[in-house]
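A structural walkthrough
The residues making up each chain are set out below.
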Amino acid sequence: MSELSEINQELLPLKALADRELASIYGLTGMVYTPHIDVYMQVSIKKAEILSCLKSQQLLPVSEVELITAELDILHKRARSNAVFEYQGKQYKRRFSPLKLSKSGKNVQRWAKFWLLELPNGKADPNWERQVREIWPSYFLIRAINM
């Protein structure tokens with residue numbers, strides 16, 4: 001638990017730097033050097049590993065996001081991107097994010113699959129999305145394939 005609080009303290013300044021860096025490169029194309037985003041993502045992945053370990057040891061409870069995601073994955077195994085399904089009176093949208101790219105960077109080799117809770121206005125619930133990104137940060141980190 002102390003490791004988790006240390007990681008949270010380490011993430012706060014990194015998040016601010018990563019957000020500023022992301023804002024400065026918004027709209028650019030090509031290979032961009034992003035050291036702050038990279039450091040932030042590595043620490044986020046370390047935090048997710050600690051959370052996973054604590055949950056497997058039953059020191060922390062499994063979150064509602066994880067439970068509903070597992071249930072939706074079982075019910076809708078072949079759901080396509082942007083498909084919307086109702087579960088317990090709420091709307092959930094299936095989303096895909098590229099995980100691994102080919103060596104050339106033109107083709108996606110592997111996709112990350114996750115669910116987002118939709119609000120009545122059709123937008124994703126920001127709290128739900130924040131939890132998804134916290135639990136599975138590696139889903140939002142695109143990597144080129146190593147050969």
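Residues numbered from 1 in each chain as written. Predicted model: local features only at pLDDT ≥ 70, side-chain atom pairs only at ≥ 80, totals over all residues. Heavy atoms only, no water.

Before going further, it helps to examine the overall build of the chain. Within the chain, the secondary structure is distributed over 4 helices and 4 strands. Looking at the chain as a whole, 34% of its 147 residues are labelled buried. Taking the intrachain contacts of the chain between residues at least 6 apart in sequence as the baseline, contacts between residues at least 24 apart amount to 49%. Of the accessible surface of the chain, which amounts to about 10,200 Å², a share of 54% is contributed by carbon and sulfur atoms. (Helix = DSSP H or I, 4+ residues; strand = E, 2+ residues; numbered from the N terminus. Buried < 20%, exposed > 50% of the residue type's maximum accessible area, 1.4 Å probe, protein only. Contact = heavy atoms within 4.5 Å. Areas by Shrake-Rupley, 256 points an atom, 1.4 Å probe, with all protein chains shown as cover.)

The next point concerns helix 4 (residues 126-135). Every α-helix carries 3.6 residues per turn, so stepping three or four residues along brings you back to the same face. Trp128, Val132 and Ile135 are the residues of helix 4 that are buried. Buried residues of helix 4, viewed axially, fall in a sector of 70°; they line one side. Packing partners of the buried residues in helix 4 comprise helix 2 (35-56), helix 3 (64-75), strand 2 (90-101) and strand 3 (108-118). Where helix 4 starts, the residue carrying a side-chain oxygen 3.1 Å from the main-chain nitrogen of Asn127 turns out to be Asp125. (Arc of directions from axis to C-beta. Polar contact = N/O pair within 3.5 Å; in protein donor to acceptor, adjacent residues only side chain to side chain.)

Time to look at the confidence of the model for the chain. Detailed conclusions should not be drawn from predicted coordinates in areas where pLDDT is low. Overall, the prediction assigns the chain a mean pLDDT of 85, with 88% of residues at 70 or greater. Mean pLDDT values for the elements of the chain range from 62 in strand 4 (residues 143-144) up to 96 in strand 1 (residues 84-87). (pLDDT = per-residue confidence, 0-100.)

Let's shift gears to the packing of aromatic side chains. The final tally for this structure, using the stated rule, is 4 aromatic pairs. Relative to Trp115, the ring of Phe85 lies with its centre 5.9 Å away and its plane at 70°, an arrangement referred to as edge-to-face. Of this pair, Phe85 sits in strand 1 while Trp115 sits in strand 3, and the two are 30 residues apart along the sequence. Its relative accessible area of 0% is what places Trp115 among the buried residues. Measuring from ring centre to ring centre gives 5.4 Å for Tyr92 and Trp128, while their planes differ by 55°; the resulting arrangement is tilted. Within this pair, whereas Tyr92 is found in strand 2, its partner Trp128 is found in helix 4, the two being separated by 36 residues in sequence. For the residue pair Tyr92 and Trp128, the accessibility class agrees, reading buried in each case. An aromatic cluster of at least three residues, connected via ring pairs, comprises Tyr87, Tyr92 and Trp128. In this structure, Arg94 packs its charged tip against the face of Phe96, placed 5.7 Å from the ring centre. (Phe/Tyr/Trp six-rings, centres within 6.5 Å; stacked < 30°, edge-to-face > 60°. Lys NZ or Arg CZ within 6 Å of the ring centre and 35° of its normal.)

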